[in-house]
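Structural description and commentary
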Amino acid sequence: MSPKSPRKSRLSKLDGKNKRIRRISAQNVEERRIPTEQDIVELTLKRLHILGKQRFGVFPYSEHFDRWAATVETVLAEFISNPSIGVDDEFVVGCKMTLDRVNVKLGEIRCREASVGQEISKLSDYKNQLQQIDNEFFSRLSIVRGQNNSKIRRLNQSISKLKEKQDKIIKTKSGFFHRVSKKERERREALIVEQIISKQTELEVTMLDLKYMLKMLQEGFDKCRDPIFEEIKISQKRVDALETDSSLEERWFACEALIDELNLFLQRKSQLK
């Protein structure tokens, strides 16, 4: 195959360069195309939908309110100022009322969020009070149980020793007790039995006293603890509510109201044509 002539090669390069120029020119024309009224309407509706669903990342959410409101106003200003739209006074007034309304709501939420520090401080105080009540309860509980357990332990030991003596009297048939009369052995055994019964009675009373003291201690603890615990639950709910972005619903309603105003304006405009 014969090599291409220099002239054909230059023509081929020139043709490729012309195609690139035409393609770039077509792109520039496309970029310079003036947006139609429909383009502007669709873009504005899309931006309002996005702003209505916008979520703020972390608390305090009120730090984002001014930026969000400014963005909404910018979207409306760009729509209103576009010469191909020609908005009427009714649309402007309706949008202003919606913006005023949502700004009032956001201001109320901002004030509520500002009180979260006080609510958290109050919650912390309640928790400290509850901890003090718990500490005092368990301290007193330990003392009461310690004192009574020591007494119960001594009584059980006394009863065990008396029973050992009783067994010794019963089982012994020789030695010292063998020389003691039957009547004396019975007297001594009866005395030990009486002592055992007395100690067992004292043990039962001690255990009943312990049960009663523990009950009274628990009732006193609950009486002090329950109101504080209820305040903690109420305060925690308030903190949780304050740390939830309650502005999302208000902002969504505002953007939907602005979208309705825009659609109503378009209906009025179409009726005039």
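Here goes a summary of the coordinates provided. Quick caveat, the model's predicted, so the values are computed rather than measured.

Our focus in this paragraph is the overall build of the chain. On a plain count of helices and strands, the chain comes out with 7 helices and 0 strands. Helices (α) and strands (β) of the chain occur, in sequence order from the N terminus, as α-α-α-α-α-α-α. Out of the 273 residues belonging to the chain, those deemed buried represent 26%. At a minimum sequence separation of 6, the contacts of the chain that also span at least 24 residues come to 85%. Taken as a whole, the chain presents about 19,400 Å² of accessible surface, with 55% of it coming from carbon and sulfur.

A packed helix pair is summarised by two numbers, namely the angle formed by the two axes and the spacing between the axes. Where helix 5 (residues 116–171) contacts helix 6 (residues 182–242), the axes come no closer than 9 Å and their chain directions differ by 170 degrees. As judged from the angle between their axes, helix 5 and helix 6 are roughly antiparallel. Of the residues belonging to the contact of helix 5 with helix 6, the class tally is 31 nonpolar, 12 polar and 17 charged.

In this structure, serine 62 sits in the loop between helix 2 (37–53) and helix 3 (65–81). On the basis of relative accessibility, which here comes to 12%, the residue serine 62 falls in the buried class. Side-chain polar atoms of serine 62 contact the side chain of glutamate 113, separated by 2.9 Å. Apart from residues no more than four positions distant in its own chain, serine 62 is found in contact with Arg110 and Glu113.

Moving on, we come to the pattern of salt bridges. Taken as a whole, this structure holds 10 salt bridges when the rule is applied. Aspartate 88 is the salt-bridge partner of arginine 268, the closest N and O atoms lying 2.8 Å from each other. Within this pair, whereas arginine 268 is found in helix 7 (residues 247–272), its partner aspartate 88 is found in the loop between helix 3 and helix 4 (89–114), the two being separated by 180 residues in sequence. One salt bridge in this structure joins glutamate 119 and arginine 238, with 3.7 Å as the shortest N-O distance. Highlighted residues: glutamate 119 in helix 5 and arginine 238 in helix 6, separated in sequence by 119 residues. The buried category is assigned to glutamate 119, whose relative accessible area is 10%.

The first and last C-alpha atoms of helix 4 sit 37 Å apart over 26 residues, in line with the 38 Å expected at 1.5 Å per residue. Within the span of helix 4, buried status applies to Phe91, Gly94, Cys95, Thr98, Leu99, Val102, Leu106, Ile109 and Glu113. Where helix 4 is buried, its residues contact helix 3, helix 5, helix 6 and helix 7.

Below, the discussion takes up the packing of aromatic side chains. How two aromatic rings sit relative to each other is given by the distance of their centres and the angle of their planes. Under the definition given, this model contains 8 aromatic pairs. An angle of 90 degrees between the planes, with centres 6.4 Å apart, marks the rings of phenylalanine 79 and phenylalanine 265 as edge-to-face. Here the residue phenylalanine 79 occupies a position in helix 3, and phenylalanine 265 occupies one in helix 7, the gap between them amounting to 186 residues. Each member of the pair, phenylalanine 79 as well as phenylalanine 265, carries the same accessibility label: buried. Where phenylalanine 91 meets phenylalanine 265, the ring centres are 5.5 Å apart and the plane angle is 45 degrees; that geometry is what we call tilted. Residue phenylalanine 91 is located in helix 4, and its partner phenylalanine 265 is located in helix 7; the two are separated by 174 residues in the primary sequence. Just as phenylalanine 91 is buried, phenylalanine 265 falls in that class too.

Parameters at a glance
Residues numbered from 1 in each chain as written. Predicted model: local features only at pLDDT ≥ 70, side-chain atom pairs only at ≥ 80, totals over all residues. Heavy atoms only, no water. Helix = DSSP H or I, 4+ residues; strand = E, 2+ residues; numbered from the N terminus. Buried < 20%, exposed > 50% of the residue type's maximum accessible area, 1.4 Å probe, protein only. Contact = heavy atoms within 4.5 Å. Areas by Shrake-Rupley, 256 points an atom, 1.4 Å probe, with all protein chains shown as cover. Axes fitted to C-alpha atoms, helices over the stretch in contact; angles between N-to-C directions. Parallel < 35°, antiparallel > 145°, perpendicular 65-115°, else oblique. Nonpolar A, V, L, I, M, F, W, Y, C, P; charged D, E, K, R; others polar. Polar contact = N/O pair within 3.5 Å; in protein donor to acceptor, adjacent residues only side chain to side chain. Salt bridge = Lys/Arg side-chain N within 4 Å of Asp/Glu carboxyl O. Expected span 1.5 Å × (residues − 1). Phe/Tyr/Trp six-rings, centres within 6.5 Å; stacked < 30°, edge-to-face > 60°.

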